[in-house]
Amino acid sequence: MAQPHTAPRVAVVGIVISFILAVGVAGLRSFNADPVERVAEAAGTIAFATVFAAPALLALLGVRGRPSLLLAAGALDMVLAFLALFSFIGLVFVIPAVLFFVAAGRTRSDATSPFRSAAAVAVAVVLGTAGFFALFAHENPICWARNPATGQSYRLDADRFVQGSTISMDSRDLPAGATESGCSSDSISISEAIAAIAVVASMLGATWLVSKPPRMEPVLIAG
């Protein structure tokens with residue numbers, strides 16, 4: 001039985017970069033948030049990193065002779081780069097995408113049909129995109145106030161201040177001593193985080209099954 005061919009080193013480099021970028025983007029998003037938002041979105045930050053690490057996870061599955069998964073990883077990274085163009089930082093995901101495409105071209109496989117490759121790419125892109133949008137399925141605004149003298153932050157009832165796209169807040173509504181306040185337009189709830197991670201897990205399982213090469217039956221030669 002032929003052993004699966006290992007992907008070239010460029011695939012490993014792409015996986016490492018992709019993981020670093022996913023953690024970095026999620027960490028930057030959390031760092032820029034108010035402490036109240038940071039605590040409320042703890043699960044959301046993990047889910048955000050998981051969604052953007054999905055291409056690296058796909059590539060990990062593809063390094064043992066499944067170039068279709070490397071293609072899928074590259075395609076999904078390109079989609080995530082486009083979806084993250086609300087910030088120019090999204091462009092950095094093009095780098096691992098290119099590395100995964102190069103690795104796919106250099107990886108040999110015993111039996112990978114074009115149909116299986118196309119199916120793996122399609123499943124990865126569709127479910128990977130669904131995982132991204134699952135993070136923001138509902139509007140979950142968070143309002144906060146801060147006492148700059150003590151550094152203490154308070155979470156406020158967003159329903160009192162947010163009406164649709166309008167935010168109305170008066171200093172008289174703030175806790176004693178608080179002079180700074182604000183509201184985020186949306187946050188990632190625990191249910192959205194769980195849904196996004198579940199979609200990513202489903203995507204990994206589905207692409208693994210779709211890309212599985214057909215079993216090669218031994219051929220007996222009469223002597």
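Since this is a predicted model, take the numbers as computed values, not measurements.

**Examining the overall build of the protein chain**
At step 1: When you go through the protein chain residue by residue, the secondary structure sums to 8 helices and 5 strands.
At step 2: Reading the secondary structure of the protein chain in the N-to-C direction produces α-α-α-α-α-α-β-β-α-β-β-β-α.
At step 3: Here the protein chain displays about 12,000 Å² of accessible surface, and carbon together with sulfur accounts for 66% of that area.

**Looking at the packing of aromatic side chains**
At step 1: Tallied over the full model, the rule gives 5 aromatic pairs.
At step 2: Ring centres 5.1 Å apart and planes at 35° place the aromatic pair Phe52 and Phe93 in the tilted group. Remark: Phe93 occurs in the loop between α4 (67-83) and α5 (94-106) and Phe52 occurs in helix α3 (residues 42-62); sequence separation between them is 41 residues.
At step 3: A residue is classified by how much of its surface remains accessible, and Phe93, at 1% relative accessible area, is buried.

**Focus on the nonpolar core**
At step 1: Formed by 43 residues in total, the largest nonpolar core has its most connected members in Phe48, Val51, Phe52, Leu58, Leu80, Leu135 and Met203.
At step 2: Those elements that place two or more of their residues in this core are α1 (9-31), α3, α4, α5, α6 (114-134) and α8 (190-210).
At step 3: Here this core gets 10 residues from one element, more than from any other, and that element is α3.
At step 4: Cys143, Ala145, Leu156 and Val162 belong to the second-largest nonpolar core, a separate cluster that totals 6 residues.

Rules and cut-offs
- Residues numbered from 1 in each chain as written.
- Predicted model: local features only at pLDDT ≥ 70, side-chain atom pairs only at ≥ 80, totals over all residues.
- Heavy atoms only, no water.
- Helix = DSSP H or I, 4+ residues; strand = E, 2+ residues; numbered from the N terminus.
- Areas by Shrake-Rupley, 256 points an atom, 1.4 Å probe, with all protein chains shown as cover.
- Phe/Tyr/Trp six-rings, centres within 6.5 Å; stacked < 30°, edge-to-face > 60°.
- Buried < 20%, exposed > 50% of the residue type's maximum accessible area, 1.4 Å probe, protein only.
- Core = buried A, V, L, I, M, F, W, Y, C linked by side-chain atoms within 4.5 Å.

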